[in-house]
Amino acid sequence: NYDDGRIAIASSSNIPDYATIILSGDNKITNNTENTALATAREELTITAEEKDNGTLTITNTNYYTGIHARNLTIGGYVDVTVDMPISPDYNRQYLYGIYTTETFKLEDHASCYVYITKQSVETSIARGIYANDGFTINTSGNVNIDVSQVDLYGVGIFSGYSNNTITRVGSMFIKYK
């Protein structure tokens, strides 16, 4: 089990351009630095767990604008991923993202995803629970719970820059926005 600070997965010409994180038990990333809590420069990042392993990943990010940043992100298997971003009122950043993908986001199999972003200050902030620039796919028996209602200006649960978006199935889905 992992219980420590941020994780950055670099890209290299000597290794494949994808990374897979296979979780077992409870795993925690607590990030108080001015960096993304879980970031990769690789083409594809997959976070997964086997049914018998009860894999969870909880990310707490208090001082940076993105919880998870990847080009393409797949959350699958039997994993529960939570991104909790109680952003300090002193942190000056207009946009806040729980999960940010420059291309696609996929939630598959039996996986669940929870994103919570809060920030109250005199500065204007806009929150996006999941930002998937090139589209998202949700096809899971797991749950989706996103709350971006506690920000200054407005919050959007799931945002995509394109229309390549599909929700095939979901155990339950709750999105609270502002």
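Here's a quick rundown of the structure. As the structure is a prediction and not an experimental result, all values here were calculated from the model.

Moving on to a nonpolar patch on the surface. A contiguous nonpolar patch, built from Ile167, Met173, Ile175 and Tyr177 and spanning about 380 Å² of accessible area, is present on the exposed surface. Following the sequence through the fold, Met173 ends up in strand β19 (residues 172–176).

This brings us to the packing of aromatic side chains. Inspection of the entire model under this criterion finds seven aromatic pairs. Measuring from ring centre to ring centre gives 5.3 Å for Tyr131 and Phe159, while their planes differ by 15 degrees; the resulting arrangement is stacked. A residue pair is termed long-range when its members are at least 10 positions apart, and Tyr131 in strand β14 (residues 126–132) and Phe159 in strand β17 (residues 154–160) qualify at 28 residues. For Tyr131, a relative accessible area of 11% gives the class buried. Residue class for Phe159 comes out partly exposed when judged on its relative accessible area of 27%. One aromatic cluster is present, formed by Tyr64, Tyr65, Tyr95, Tyr97, Tyr100, Tyr131 and Phe159 through successive ring pairs. A cation sits over an aromatic face here: Arg128 above Phe159, 4.2 Å from the ring centre.

With that settled, consider the pattern of salt bridges. Under the defined criterion, the tally for this structure stands at two salt bridges. Among the ionic pairs, Arg71 bridges to Glu43, the shortest N-O distance being 2.5 Å. One end of the pair, Arg71, is in the loop between β8 (66–70) and β9 (73–75); the other, Glu43, is in the loop between β5 (38–40) and β6 (44–48), with 28 residues separating them in the sequence. Judged by relative accessible area, Glu43 falls into the partly exposed class, the value being 30%. Across the pair Lys52 and Asp53 runs a salt bridge whose closest N-O atoms are separated by 3.2 Å.

This brings us to the sheet that holds strand β4 (residues 26–31). Sheet architecture is open: seven strands sit in the order β1-β4-β7-β10-β13-β16-β19, paired in parallel fashion. This sheet does not close on itself; its edge strands, each paired only once, are β1 (3–4) and β19. Strand direction decides the pairing type here: β4 and strand β7 (residues 56–61), joined by six bridges, are parallel. Bridge pairing links Lys28 to Thr58 in β7.

Along the chain, Ile59 falls in strand β7. Among residues more than four places away in sequence, those in contact with Ile59 are Ile29, Ala37, Leu38, Gly67, Ile68, Thr82, Val83 and Asp84.

Thresholds, definitions, all that
- Residues numbered from 1 in each chain as written.
- Predicted model: local features only at pLDDT ≥ 70, side-chain atom pairs only at ≥ 80, totals over all residues.
- Heavy atoms only, no water.
- Patch = residues over 30% accessible without salt bridge, like charges linked within 9 Å, V, L, I, M, F, W, Y side chains within 5 Å.
- Areas by Shrake-Rupley, 256 points an atom, 1.4 Å probe, with all protein chains shown as cover.
- Salt bridge = Lys/Arg side-chain N within 4 Å of Asp/Glu carboxyl O.
- Helix = DSSP H or I, 4+ residues; strand = E, 2+ residues; numbered from the N terminus.
- Phe/Tyr/Trp six-rings, centres within 6.5 Å; stacked < 30°, edge-to-face > 60°.
- Buried < 20%, exposed > 50% of the residue type's maximum accessible area, 1.4 Å probe, protein only.
- Lys NZ or Arg CZ within 6 Å of the ring centre and 35° of its normal.
- Pairing = 2+ DSSP bridges.
- Contact = heavy atoms within 4.5 Å.

All quantities given are derived from atomic positions and should not be read as evidence of function.
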